[in-house]
Amino acid sequence: AQRVTQPEKLLSVFKGAPVELKCNYSYSGSPELFWYVQYSRQRLQLLLRHISRESIKGFTADLNKGETSFHLKKPFAQEEDSAMYYCALRVYNFNKFYFGSGTKLNVKP
Amino acid sequence: DVKVTQSSRYLVKRTGEKVFLECVQDMDHENMFWYRQDPGLGLRLIYFSYDVKMKEKGDIPEGYSVSREKKERFSLILESASTNQTSMYLCASSSRSGKAFFGQGTRLTVV
């Protein structure tokens, strides 16, 4: 069965510190992974997807198939990064998205 | 920009009422989804639809049904609302390319 695990419910860091939000998945097929973000009082929106191999707002994420992980990283956190972050797995054949339980990132001044 | 619009931002309903949550998207997406979002549980898929009149159960379909009579509209129905269905409900749509776009959410309170 497909599963996405985000082990941290809350992550607090100081401004300028590196941040890593963990995501592990289980899926027998070829995975497509995403990170979605929800800022306060805004709708959930796409941050990045692994096939694009892009950096958005300074965030990057690398798919590690050996460790079945897709951790989100940023070298220097900013206060405006404070938000709820969800890792998601897309099951291609059925076009379903499975989400993790989310990690709340709090960047302190 | 893709727009996914949910008809209500806040709803308060009584136990036992039949509740309709409406969602409309304007980008001709084939796939539409209903999730509920609860603290500590993340987003859980209730139902999704991959075409008009086509639907599949998600992980938590009990107590819910859906309707997709037109491509742009996907409705979630609570047949007989109960207090444990108090939650934030999110609608989303996606094309075959994979990106999902979300509505602003409907916070439903069942009293």
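For clarity, every value in this text was computed on a predicted model and none was experimentally measured.

Chemist: How would you explain the packing of aromatic side chains if you had to name every residue and give the values?
Modeler: Overall, the coordinates contain 13 aromatic pairs over all chains when judged by the stated rule. With centroids separated by 6.1 Å and ring planes inclined at 35°, the aromatic side chains of Phe34 of chain A and Tyr36 of chain A adopt a geometry described as tilted. Grouping residues by exposure puts Phe34 of chain A and Tyr36 of chain A together as buried. Ring geometry for Phe48 of chain B and Tyr50 of chain B: centres 6.2 Å apart, planes at 50°, overall tilted. Residue classification places Phe48 of chain B among the buried positions, given a relative accessible area of 1%. Following the ring pairs from residue to residue traces out a cluster consisting of Phe34, Tyr36, Phe97 and Phe99 of chain A together with Phe33, Tyr35, Phe48, Tyr50 and Phe102 of chain B.

Chemist: Just give me the short version of the interface of chain A and chain B, but keep the residues and values in it.
Modeler: Each side of the interface is counted separately: chain A has 20 residues, and chain B has 26 residues. In total, about 1800 Å² of surface goes out of reach between chain A and chain B, with carbon and sulfur atoms giving 52% of it. In terms of surface lost to chain B, no three residues of chain A exceed Arg43, Lys96 and Phe97 of chain A, which account for 30% of the buried area on that side. At the boundary of chain A and chain B, one finds 0 salt bridges. Counting only elements with at least two residues in the side of chain A that touches chain B, the list comes to strand S5 (32-38), strand S6 (45-49), strand S9 (83-91) and strand S10 (96-99) of chain A. Residue composition of the side of chain A that touches chain B, by class: 9 nonpolar, 4 polar and 7 charged.

Chemist: Report on the pattern of salt bridges, specifying residues and quantitative values.
Modeler: Under the counting rule described, the total for this entry stands at 10 salt bridges over all chains. Glu20 of chain A is the salt-bridge partner of Lys22 of chain A, the closest N and O atoms lying 3.1 Å from each other. Given the relative accessible area of 29%, Lys22 of chain A is considered partly exposed. Asp28 of chain B serves as the salt-bridge partner of Lys71 of chain B, at 3.2 Å between the closest nitrogen and oxygen.

Chemist: Summarise the state of the cysteines; cite the residues concerned and give the values.
Modeler: Counted according to the given criterion, the structure contains 2 disulfides over all chains. The disulfide partner of Cys23 of chain A is Cys87 of chain A, and the gap between their sulfur atoms is 2.0 Å. Measuring the twist about the S-S bond at about -65°, one finds the Cys23 of chain A-Cys87 of chain A disulfide to be left-handed. Highlighted residues: Cys23 of chain A in the loop between strand S3 (19-21) and strand S4 (24-26) and Cys87 of chain A in strand S9, separated in sequence by 64 residues. Accessibility classification places Cys23 of chain A together with Cys87 of chain A in one group, the buried group. With its sulfur 1.9 Å from that of its partner, Cys23 of chain B forms a disulfide with Cys91 of chain B.

Chemist: Would you mind going over the side chain of Ser93 of chain B in detail, with residue names and values included?
Modeler: Its place among the elements puts Ser93 of chain B in strand S9 (residues 87-94). A polar side-chain atom of Ser93 of chain B sits 2.8 Å from a polar atom in the side chain of His29 of chain B.

Chemist: Explain the nonpolar core to me, using residue names and the numbers behind them.
Modeler: Core analysis: the biggest nonpolar cluster contains 26 residues, and Trp35, Leu72 and Tyr85 of chain A have the highest contact counts within it. Of all the elements in the fold, those that place two or more residues in this core are strand S2 (10-14), S3, S5, S6, S9 and strand S11 (103-108) of chain A. Per-element tally for this core: the top contributor is S9 of chain A, with 5 residues. By size, the runner-up hydrophobic cluster in this structure holds 20 residues, among which are Val19, Leu21, Tyr89 and Cys91 of chain B.

Cut-offs and rules
- Residues numbered from 1 in each chain as written.
- Chains lettered and ligands numbered in written order.
- Predicted model: local features only at pLDDT ≥ 70, side-chain atom pairs only at ≥ 80, totals over all residues.
- Heavy atoms only, no water.
- Phe/Tyr/Trp six-rings, centres within 6.5 Å; stacked < 30°, edge-to-face > 60°.
- Buried < 20%, exposed > 50% of the residue type's maximum accessible area, 1.4 Å probe, protein only.
- Contact = heavy atoms within 4.5 Å.
- Buried area = accessible area lost by both parts, 1.4 Å probe.
- Salt bridge = Lys/Arg side-chain N within 4 Å of Asp/Glu carboxyl O.
- Helix = DSSP H or I, 4+ residues; strand = E, 2+ residues; numbered from the N terminus.
- Nonpolar A, V, L, I, M, F, W, Y, C, P; charged D, E, K, R; others polar.
- Disulfide = S-S within 2.5 Å.
- Polar contact = N/O pair within 3.5 Å; in protein donor to acceptor, adjacent residues only side chain to side chain.
- Core = buried A, V, L, I, M, F, W, Y, C linked by side-chain atoms within 4.5 Å.

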